[in-house]
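Secondary and tertiary structure notes
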Amino acid sequence: MALVRTTQIRRGAAASRPTLSVGELGLDTDTGSERLWVGTPSGNIALDGGFSGVINVKYYGAKGDGTTDDTSSVTTALAAALSATKSLYFPTGTYLLTTLVITTNVGIKIYGDGIGATILDFQPASGVGLDMKYVGGTGGIKFSNISDLSIKDSRTTSLASTLINIEGGVTGNSPSTTGGYLKLERIFTEKYNTATGTWIRLVNLSHATLDHVYSNSLNCLVGVEIEADQAINTGVISLTDCVISASQTPLFINENSSDIIDTITIQGCYIGHLTTGNLSTIKEAIKITGACSGISFISNHIESRGGASYPAVNIVDCSLESCSFTSNHFSCNTSGGTANLYGIQFSNSSVYGNSFISNAFQRLATQPNGGAFFRFENDCTLNRQRKNVLLGNTPLITAPNYLSIEASGNEDTIWAGLSLDPIEVTRYVSLNNAVATSFTPAIADGMFVFVVNNNTTHGGIVLLRAEAAGASIVKIGGGANFEVTTGVLAGTTGTNGALTVSAHTDGKVYIENRQGANVVVYFHQIAGTAFNVA
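Residues numbered from 1 in each chain as written. Predicted model: local features only at pLDDT ≥ 70, side-chain atom pairs only at ≥ 80, totals over all residues. Heavy atoms only, no water.

To continue, consider the overall build of the protein. Counting secondary structure elements, the protein contains 3 helices and 47 strands. Expressed as a percentage of its 534 residues, the buried residues of the protein come to 53%. Sequence-distant contacts in the protein: of pairs separated by 6 or more residues, those separated by 24 or more amount to 74%. Of the roughly 20,600 Å² that the protein leaves accessible, carbon and sulfur atoms contribute 50%. (Helix = DSSP H or I, 4+ residues; strand = E, 2+ residues; numbered from the N terminus. Buried < 20%, exposed > 50% of the residue type's maximum accessible area, 1.4 Å probe, protein only. Contact = heavy atoms within 4.5 Å. Areas by Shrake-Rupley, 256 points an atom, 1.4 Å probe, with all protein chains shown as cover.)

Time to look at the nonpolar core. In terms of nonpolar packing, the biggest core is built from 96 residues, with Leu88, Ile253, Ile288, Phe297, Phe374 and Phe376 touching the most fellow members. In terms of residues, this core owes the most to one element, strand S24 (residues 286-298), which gives 5 residues. Setting aside its immediate chain neighbours within four residues, isoleucine 253 contacts Ile226, Ile261, Ile264, Ile266, Lys287, Ile288, Thr289, Cys292, Ile295 and Phe297. The next biggest cluster of nonpolar side chains, apart from the first, holds 19 residues, and it includes Leu431, Val452, Ala466 and Val501. (Core = buried A, V, L, I, M, F, W, Y, C linked by side-chain atoms within 4.5 Å.)

Let's shift gears to unusual backbone geometry. Where the residue is not glycine, phi is negative for most of them; where a peptide bond is considered, it is trans in most cases. The backbone of aspartate 241 shows a phi angle near 55°, a positive value even though the residue is not glycine. Within the fold, aspartate 241 resides in the loop between strand S19 (234-240) and strand S20 (243-245). Even without being a glycine, alanine 434 presents a positive backbone phi close to 60°. With respect to the helices and strands, the residue alanine 434 is situated in the loop between strand S38 (427-431) and strand S39 (435-439).

With that out of the way, let us pick up the sheet that holds strand S3 (residues 35-40). Sheet strands pair by backbone hydrogen bonding; their relative direction is either parallel or antiparallel. In spatial order, the strands read S1-S2-S3-S4; together these 4 strands make up an open sheet with mixed pairing. Edge positions in the sheet fall to strand S1 (9-12) and strand S4 (43-46), since each has one partner strand and no second. Averaged over all neighbouring strand pairs, the angle between strand axes comes to 30°, with direction disregarded. Where S1 and strand S2 (residues 25-28) come together, 4 bridges link them in parallel fashion. Across the sheet, residue isoleucine 9 finds its bridge partner in S2, namely leucine 25. (Pairing = 2+ DSSP bridges. Axes fitted to C-alpha atoms, helices over the stretch in contact; angles between N-to-C directions.)

What follows deals with the pattern of salt bridges. Considering all chains together, one arrives at 13 salt bridges under this definition. The partner of aspartate 148 in a salt bridge is arginine 186, and the shortest N-O contact between them spans 2.6 Å. Remark: arginine 186 occurs in strand S15 (residues 179-189) and aspartate 148 occurs in strand S13 (residues 142-152); sequence separation between them is 38 residues. Among the residues examined, arginine 186 registers a relative accessible area of 35% and is labelled partly exposed. The salt bridge partner of arginine 201 is glutamate 167, with a shortest N-O separation of 3.4 Å. With arginine 201 in strand S16 (residues 194-203) and glutamate 167 in strand S14 (residues 162-167), this pair connects stretches of sequence that are 34 residues apart. Arginine 201 gets classed as buried once you look at its relative accessible area, which sits at 17%. By relative accessible area, which is 22% here, glutamate 167 ends up partly exposed. (Salt bridge = Lys/Arg side-chain N within 4 Å of Asp/Glu carboxyl O.)

What follows deals with the state of the cysteines. Applying the stated criterion to the full structure yields 0 disulfides. With no disulfide of its own, cysteine 323 lies closest to cysteine 292 among cysteine sulfurs, the gap being 6.5 Å. When its relative accessible area of 4% is taken as the criterion, cysteine 323 is described as buried. The structure places no disulfide on cysteine 380, whose sulfur is separated from the nearest cysteine sulfur, that of cysteine 318, by 9.8 Å. (Disulfide = S-S within 2.5 Å.)

Pairing within the open sheet is mixed, and its 4 strands lie in the order S39-S45-S44-S43. This sheet does not close on itself; its edge strands, each paired only once, are S39 and strand S43 (482-486). Ignoring strand direction, the axes of neighbouring strands in this sheet form an average angle of 20°.

End to end, helix H2 (residues 71-84) covers 20 Å across 14 residues, agreeing with the expected 20 Å (1.5 Å per residue, within 8%). Regarding H2, the residues found buried are Thr71, Ser73, Val74, Ala77, Leu78 and Ala81. All buried residues of H2 lie within an arc of 160° about the axis, which places them on one face of the element. Looking at H2, the residues exposed on the side facing more than 90 degrees away from the buried face are Ser72 and Ser83. Trailing H2 by a residue or two, threonine 85 shows a phi angle of about 55°, which is positive. (Expected span 1.5 Å × (residues − 1). Arc of directions from axis to C-beta.)

Before going further, it helps to examine the side chain of asparagine 359. Residue placement: asparagine 359 occurs in the loop between strand S31 (355-357) and strand S32 (360-362). One polar contact links asparagine 359 to asparagine 393, side chain to side chain, over a distance of 3.0 Å. (Polar contact = N/O pair within 3.5 Å; in protein donor to acceptor, adjacent residues only side chain to side chain.)

Attention now moves to the confidence of the model for the protein. In the predicted model, the protein carries a mean pLDDT of 80, and the fraction of residues at 70 or more is 79%. Confidence scores differ between elements of the protein, with strand S47 (residues 530-532) showing the lowest mean pLDDT of 40 and strand S27 (residues 324-326) the highest of 97. Low pLDDT (under 50) marks residues 529-534, which in the prediction has 36 contacts with non-local residues, meaning those over four places away or in another chain. (pLDDT = per-residue confidence, 0-100.)

By the bridge criterion, 3 bridges tie strand S21 (residues 249-253) to S24 in an arrangement that is parallel. Among the inter-strand pairings, isoleucine 253 is bridged to a residue of S24, identified as isoleucine 288. Examined bridge by bridge, strand S22 (residues 260-267) and S24 share 7 bridges and lie parallel to one another. Bridging from a neighbouring strand, isoleucine 266 pairs with phenylalanine 297 of S24. Pairing between S24 and strand S26 (residues 313-321): 7 bridges, direction parallel. Bridged to alanine 291 within S26 is serine 319. Bridge count between S24 and S27: 3 bridges; the pairing is parallel. Of the residues in S27, the one forming a bridge with phenylalanine 297 is phenylalanine 325.

Below, the structure written as structure tokens:
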């Protein structure tokens, strides 16, 4: 006859659960939250929350009802997961949390039942919601994955200063020795509305990935901030298939301008101002500062509503080297407001060896209102040894100028550092002595080469603008018998012995021959540019 052994199970509410003896069983009898526990040498463990590879936050008392503060229960579950090197699982529900601080460098997987099903609603009195950060020693936050969650701060006032903060280590000189190897995937934020906050902040990281991370019309100061705040080579970061929005600057790279960021790939993302808030607070869609190299923007949609005061991409106080913008679509101010003046603007920056190829620009300010794909302020540094390539960029709907350079004495240096695609083929005109002629260029402003009788010593190179809003012309090469001016030329206007070229507000370029003989003048517009005296 077989013997049957009976084991008693201690029953009661979770709030009065005792510390079980080793091997003793206990059952929480709370309706809808029944859980079976066993006593172990290290304390009570939920049977299906501790003996599998997953720690379920509900087995540690979290309610997920959207009203109960689950911070203490989730923190306890997190500690158990880290101690046992297990994953932390949030079943379907809304978990109200003040904060969740993770300081490990051993790695953890945190996941839920999917976007919209599992919601973490962070409501800190101040500071950060999800806070993964360096706490000392070498390295920092590493080898972690967070996925299949909605993360938000549902309040309307006193919101978190940063909703998601991830910081790597502060030691080492290369990405492999800093914190990193992190992935956020399938994360959604539907609400985070604060005029001073940052949605996601990535600091001192390497090998970090945001994949299918998206937001819904956030009214926050900064969307995603990628930063190095120590003397660390921060990089190997990837943003793919994300939607990044903010009311002021959706993407900010290297806010601390004294440190280095490199090797960032941003591909297939929407980056822009989705908010319907106050247009006066909106700035650039992307801001890049500091020392940056190897940053690639590939096939993104960049939506800017910054108006005339801000470009779509603002590269300022920056050393930008070996970066690329390829096959991106810039759509400017599709929801009203004043059109962006510039697509990509460079100011107070060193710009070496970058490429801008096959980008499309939509709804920039049109000619003659000064709009341009690219704008270089006169405080930029370029050189001919490491040229920047601008090739195959096209307008959509409107036709802005291709390039604008501030005219304050440094334009020759800037031109020397650019490689541009040609705009027009060579044309020529036979011109008798003491006769002037004119032509209307395909693009109202640009760089032109003039050659007389195929003799390069009798001609020159100019930058000019010829449109109703203004005319200007600068000689940047040529002999003493080649001169420039503005206004109409009539055949007797220029200097004897010279070939004179003029730009006029009637939209025409005038050529006058005073060289004492009939000549053939060849002219070639090698780049369509905006040359604005500013």
